[in-house]
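Listed below are the residues making up each chain.
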Amino acid sequence: MSGVARWLSERPQWLQIAAPRLLQRSELTDNDVSELVTLCQQEAEGKLAKKPSPFPADAFSQSTAGTLRLCSISKVEGVNALAPQKPLKFGKNNITMVYGNNGSGKSGYVRLLKHVCGKREPGTLHRDVYKSDAATQKACISYEQNGVSKTHTWLAGSGVCDDLNSVDIFDTSFGRVFVSKEDAVSYEPPVLLFFSALISACDKVKWALDAEAKRYPSKKPNIPADQKATPEGVWYEAISHKTSSQDMDQHCARVDEAEMQGLQRRLAEPAPADKAKQLRNQKQHVDTLVQDAQKHLDQLSDEKVRQIISAKKMANLKKTAADTAAQKAFSDGELEGVGSDVWKALWEAARNYSVSTAYKETEYPNVFEASRCVLCHQTLTQEAKDRLVSFEKFVKDETQKIASDAAKKYTIAIGAIDGLPNSDMLKTRIDAAGLKDEFTSQVTSFFAQLQARKDRLLGIDFEKAIADPLPSQKWMDEAKAQSNSLDTDAKKYDEDAKRDHRKEIQNQLNSLQAKKWLFENCMAIKEEVVRLKRLNLIQEAQKLANTKALSQKKGELAEALITDAFVERFNAELKALGASQVKVELVKLEPVSKGRVLHKIQLRGASEHKITDVLSEGESRIVSIAAFLADVTGKSKNAPFIFDDPISSLDQNYEEAVVERLVELSRDKQVIVFTHRLSLLGTIQDSAKKKEIDLDVLSIRSADWGTGEPASIPIAQKDIKSALNTLINQCQDAKKDCKNGEFESVDFRRKSMCSDFRIVVERAIENDLLCGVVQRFQRPIHTLKLRELAKLTPTDCDFLDSLMTKYSKFAHSQPSEQPVDLPKLDEILEDMKLLKEWREEYQKKTVTSSAGAAATPLGDRL
């Protein structure tokens, strides 16, 4: 039977390979079985390449089918308003789209073909009712039959063209009650024998797979009983062929031993409140030690040291200046050392004694009459008074004050450095903080280095002589981490003191111990998963050798009548069109004549109701399409299908299902679709591209002389390169016409060219800039192309945005007061050429980028 090959093509690949062998011999050899077992396993792993089955379609039937192909319609006269001056050619590919707006002549062509091919419900073929002439209705149909080119001239009333009688046409007149011819395929015993051999082959493969599965016994170790109920234990017990390497790495990771020990200590602690207090006290010692270390570190930082050295240098400098001033002031003094630090101290002591005791009410020095020296108590002579006054003037001099202030600033800076703890004090504080032993040497070294830095500071006069870099602070970070850990532990013990957490702690401990066990048995676990994956592949291979489908098919072939095959095709078409949920059935009625059987579509389980009263318009449409396809696909002759707007009244899901079915049918038959819907055109183009099926797109339009005139493909569906070249040629032609003075015609065409160019820019954005990720009239989003967006630059966006902005103005109505002037032809032509050049460079980006070089964007040169 011809359907066996198709049915086998849907079966597992290994079975398709076995089928031709069973045609040659009914029994398979041991080598055959061994090879088929290997192929079955490869298919289960996804490693067996999908190849067309070599099983002959006519293995159980000698019937052959001829081929028929429509080529063109020309010389149409007197048929509706059709008056094409050029022939409508259907192209060389198996699927052809004929697009045209309403009133462009699509239905006229379909009506003509129904009369030529003798299809049911052809209707009346009117002439152009708006014309008075009574021209003879005729047309010329070119076609190929079994590879031979032929032409038929049809005249109204001349009858049907016998060669074209097998052409099938679907339009809105297709009814829900129809007549179908019974096929010439009959029951043949060899088919059943063949299926028995297939079932036997499947059994032998399954037995071999069972034997192989027994070669892989489990070596999975047993997890300790007290750890089975943990999340880790539950995961371990549930490992399967789906367990990933990442999952195993996550569950079999190394365990934090410190965390386990902490839980064990919490379980063993009899007084958690006291323990929390102890930990907080310990934390306080750690924090204090770190704070003091940071304080000393800040006091002896490079910045502080530089400030102290700077203060010292300033004090020395100002002291030198003051000494120089004193030397000049008392160069004739009778004693040495006047103005020195010792002298100044003596002077200030004398001042304090004078103003506080000797002469409380008199400003120092007291040089009034009968005043005495506050040190020797002798009466001051005039010379002595003058000398004291000069001394006071010297002391109050600004130079001396600045020197004094600088000395004080340096003294304060040095005094701001606190004393550092010695080694004994540090050991006591480290012990109180409970720091680990390795901290002791680090902390001691840290403070010793700071002490040495402080000691050296007193002898440093210049910044270049600053001591070695500051000691490492690593221990401080570790101490802070320990402080946080102590705080966390203290909080845990506080919670333990509030209520008994022992059960929860024990569960956590068991969980960590289970994790440790998983880590220790990681290799055994990975080996078990490998074994399970191998067994799963064997089980998947066994599923591919399941005989249920073969047994069912064998039963169907044994019992089926031709009508059953027809009903099966109808149900299959319903499913393929996504309409399985529509409760209808195709039933056989009483024979109306010998060799003819009448079929009817009725509601399943409610046949007393009219189908037109229950189903929606869209459901009726999809059921009609399913019945039509079930009818015509049962014919042996490879004849064309013609559809007049098949998606009318259908929602998007049904529309896409119909498109998929039509494109799939075009693999074997010529499919011609007439439509006015750009969405349908785009959907069919996308589907054909995915299935790698070449598509011809034609366009027809209404002209001054009539309808049905072949025209160029709409700009929105034409190849962008071709569309640009067409517009460039139009622009160049317009320039020539402009020179000839045809200004009004050129102005009209300029606006049209601007509008068309805007559409081309939109398509360049969709197909080039956005790499076809999303496109109008198409539902799919091509996410695999997203990676190509990496080549997109702001310059590209700005370039296309400027064109879009510029040419969108002319797509909208303009105010009469301030209309937007159309660009000059040279400007339009330049923009078109720039877009063409941009597309060429943008498409090269992928190639140049992969080679490690980047092309200069067009926009960077504009």
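Residues numbered from 1 in each chain as written. Predicted model: local features only at pLDDT ≥ 70, side-chain atom pairs only at ≥ 80, totals over all residues. Heavy atoms only, no water.

**Q** Could you clarify how one ought to interpret the overall build of the chain in this entry?
**A** Tallying secondary structure elements over the chain gives 28 helices and 13 strands in all. By residue count, 41% of the 862 residues in the chain fall in the buried class. Considering only intrachain contacts with a sequence separation of at least 6, the fraction spanning at least 24 residues in the chain is 75%. Looking at the chain as shown, the accessible area adds up to about 47600 Å², and 50% of this sits on carbon and sulfur atoms. (Helix = DSSP H or I, 4+ residues; strand = E, 2+ residues; numbered from the N terminus. Buried < 20%, exposed > 50% of the residue type's maximum accessible area, 1.4 Å probe, protein only. Contact = heavy atoms within 4.5 Å. Areas by Shrake-Rupley, 256 points an atom, 1.4 Å probe, with all protein chains shown as cover.)

**Q** Sorry, what's going on with the sheet that holds strand β5 (residues 148-155) here?
**A** Whether parallel or antiparallel, the strands of a sheet pair through hydrogen bonds between backbone atoms. Strand order in the open sheet made by the four strands is β2-β1-β4-β5, with antiparallel pairing throughout. A single partner strand is all that each edge strand has here, and the edge strands are β2 (88-89) and β5. As defined by bridge partners, strand β1 (residues 68-77) adjoins β2 across two bridges and the pair is classed as antiparallel. By the bridge assignment for β2, I73 is matched with L88. Running over the sheet, helix α4 (residues 106-117) touches β1, β2, β4 (138-145) and β5 and is turned about 110° from β1. (Pairing = 2+ DSSP bridges. Axes fitted to C-alpha atoms, helices over the stretch in contact; angles between N-to-C directions.)

**Q** Even after reading the chapter, I still don't get a nonpolar patch on the surface, so can you show me in this structure?
**A** Nonpolar side chains collect at one region of the surface, where L770, V774 and I781 lie side by side and expose about 240 Å² of accessible area between them. Its place among the elements puts V774 in the loop between α26 (743-769) and α27 (794-808). (Patch = residues over 30% accessible without salt bridge, like charges linked within 9 Å, V, L, I, M, F, W, Y side chains within 5 Å. Salt bridge = Lys/Arg side-chain N within 4 Å of Asp/Glu carboxyl O.)

**Q** I keep staring at the confidence of the model for the chain and nothing clicks. Help me out?
**A** Summing up the model confidence of the chain, the mean pLDDT is 79 and the portion of residues at 70 or higher is 84%. No element of the chain has a lower mean pLDDT than strand β7 (residues 177-181), which averages 34, and none a higher one than β4, which averages 93. Note on residues 591-597: pLDDT under 50 across the span, and nine contacts to partners over four residues away in sequence or across chains. Between residues 847-856, whose pLDDT stays under 50, and residues either more than four places distant or in other chains, the model counts four contacts. (pLDDT = per-residue confidence, 0-100.)

**Q** Please clarify how the side chain of R531 should be interpreted in this entry.
**A** Here R531 lies in helix α18 (residues 522-544). Within the local environment of R531, its side chain forms a polar contact with the side chain of E528, the two groups lying 2.9 Å apart. Here R531 is in contact with Y216, P217 and S218, once residues within four sequence places are set aside. (Polar contact = N/O pair within 3.5 Å; in protein donor to acceptor, adjacent residues only side chain to side chain.)

**Q** Whenever I open this one, α27 confuses me. Can you help?
**A** Every α-helix carries 3.6 residues per turn, so stepping three or four residues along brings you back to the same face. Between the first and last C-alpha of α27 there are 20 Å, a value that for 15 residues agrees with the 21 Å anticipated at 1.5 Å per step. Taken together, the buried positions of α27 are D796, F799, L800, L803, M804, Y807 and S808. Buried positions in α27, seen along its axis, are confined to an arc of 150° and lie on one side of it. Pointing more than 90 degrees away from the buried face of α27 are the exposed residues P794 and D798. (Expected span 1.5 Å × (residues − 1). Arc of directions from axis to C-beta.)

**Q** Would you mind going over the packing of helix α25 (residues 720-739) against α26 with me for this structure?
**A** Two numbers describe a pair of packed helices, the interaxial angle and the distance between the axes. Packing of α25 against α26 brings their axes to within 10 Å, and their N-to-C directions diverge by 160°. One element, α25, and the other, α26, form an angle in the roughly antiparallel class. At the point where α25 passes α26, the crossing takes the left-handed sense. Here I720, A723, L724, L727, Q730, C731, D733, A734, D737 and C738 of α25 lie close against α26, whose contacting residues are F743, V746, R749, M753, D756, F757, V760, R763, A764, N767 and D768. (Parallel < 35°, antiparallel > 145°, perpendicular 65-115°, else oblique. Left-handed = near helix turned anticlockwise from the far one by under 90°.)

**Q** Is there a simple way to explain the pairing of β4 in this structure?
**A** Residues in a regular strand point their side chains to alternate faces of the sheet. For β4, a buried count of six out of eight residues is recorded, marking the element as mostly surrounded by other parts of the structure. Two strands pair when backbone bridges link them, and β1 and β4 are joined in this way by seven bridges, in the antiparallel orientation. Residue pairing in the sheet places R69 in a bridge with E144 of β4. In textbook terms, the turn of a hairpin is the stretch between consecutive antiparallel strands, and for β4 and β5 this stretch comprises two residues, one of which, N146, has a positive phi near 55°.

**Q** In this structure, what is going on with the sheet that holds strand β6 (residues 168-170)? I would like to understand it.
**A** Pairing within the open sheet is mixed, and its six strands lie in the order β6-β10-β11-β3-β12-β13. Edge positions in the open sheet fall to β6 and β13 (706-711), since each of these has one partner strand only. Strand-to-strand twist across the sheet, computed as the mean angle between neighbouring axes with direction ignored, equals 20°. When strand β12 (residues 695-703) meets β13, the two strands line up antiparallel, connected through four bridges. By the bridge assignment, R701 is partnered in β13 with E709. Contacting β3 (95-99), β10 (641-644) and β11 (671-675), helix α23 (residues 652-665) runs over the sheet at an angle of about 145° to β11. Its contacts with the sheet put helix α24 (residues 678-690) on β3, β11 and β12, and the angle it makes with β3 is roughly 160°.

**Q** Is there a simple way to think about the nonpolar core in this case?
**A** Nonpolar side chains in soluble globular proteins tend to end up buried together. Residues F570, V584, V623 and F643 are the most contacted members of the largest nonpolar core, which totals 45 residues. Top element by residues in this core is helix α22 (residues 617-632). It accounts for nine residues. Not counting the four nearest positions on each side in its chain, F643 is found in contact with F170, F628, L629, L662, V671, I672, V673 and F674. Counting residues in each nonpolar core, the second largest holds 33 residues, with L289, L300, I417 and A479 among its members. (Core = buried A, V, L, I, M, F, W, Y, C linked by side-chain atoms within 4.5 Å.)

**Q** Honestly, the side chain of D644 in this entry has me stumped. Any pointers?
**A** Relative to the assigned elements, D644 resides in strand β10. One buried charged residue, D644, remains without a salt bridge, the closest side chain of opposite sign being K106 at 6.4 Å. Ignoring sequence-local partners within four residues, the contact set of D644 consists of S107, V110, F170, D171, R621 and F674. (Lys, Arg positive; Asp, Glu negative; His and termini not counted.)

**Q** Whenever I open this one, unusual backbone geometry confuses me. Can you help?
**A** Negative phi characterises most residues that are not glycine, and trans characterises most peptide bonds. Following Y364, the chain continues to P365 via a peptide bond in cis, the omega torsion being -5°. Here P365 lies in the loop between α11 (341-358) and α12 (382-395). With a phi angle near 55°, N146 is a residue other than glycine that sits in the positive phi range. Here N146 lies in the loop between β4 and β5. Residue classification places N146 among the exposed residues on the basis of a relative accessible area of 52%.

**Q** It is not clear to me how the packing of aromatic side chains should be interpreted in this structure. Could you clarify?
**A** Aromatic ring pairs are defined here through the distance separating the ring centres and the angle between the ring planes. Considering all chains together, one arrives at 12 aromatic pairs under this definition. Relative to F641, the ring of F628 lies with its centre 6.2 Å away and its plane at 65°, an arrangement referred to as edge-to-face. Here F641 lies in strand β10 and F628 lies in helix α22, a separation of 13 residues in the sequence. The class of F628 is buried, set by a relative accessible area of 1%. One aromatic cluster is present, formed by F170, F628, F641 and F643 through successive ring pairs. Over the ring of Y236 we find K220, and its NZ or CZ is 4.7 Å from the ring centre. (Phe/Tyr/Trp six-rings, centres within 6.5 Å; stacked < 30°, edge-to-face > 60°. Lys NZ or Arg CZ within 6 Å of the ring centre and 35° of its normal.)

**Q** In this structure, what is going on with the environment of S142? I would like to understand it.
**A** If you trace the backbone, S142 turns up in strand β4. Along the chain, S142 and S74 lie 68 residues apart, while their C-alpha atoms are 8.2 Å from each other. Setting aside its immediate chain neighbours within four residues, S142 contacts L70, C71, S72, K150 and T151.

**Q** Please explain the pattern of salt bridges as it appears in this structure.
**A** Once their charged atoms are close, side chains differing in charge can pair, the charge on each being opposite to the other. A full pass over the atoms with the stated rule returns 26 salt bridges. Here D686 ties to K690 by a salt bridge, and the two come within 3.6 Å at their closest N and O atoms. On the criterion of helical spacing, the pair formed by D686 and K690 is a turn pair, its members being four residues apart in helix α24. Close ionic contact of D737 with R749 constitutes a salt bridge, the shortest N to O distance being 2.6 Å. Of the two residues, D737 sits in helix α25 while R749 sits in helix α26, which places them 12 residues apart along the sequence. Salt bridges sharing partners connect three or more residues here, namely E660, E664, R667 and K691.

**Q** What exactly am I supposed to notice about helix α14 (residues 423-433) here?
**A** Listing the buried residues of α14 in full gives L426, I430 and A433. Relative to the axis of α14, the buried residues are bounded by an arc of 65° and lie together on one face. Of the exposed residues in α14, the ones pointing more than 90 degrees away from its buried face are D424, T428 and D431. Among the residues of α14, the N-terminal cap falls to N422, whose side-chain oxygen and the backbone nitrogen of M425 are separated by 2.8 Å. G434, located one to two residues past α14, shows a positive phi value of around 70°.

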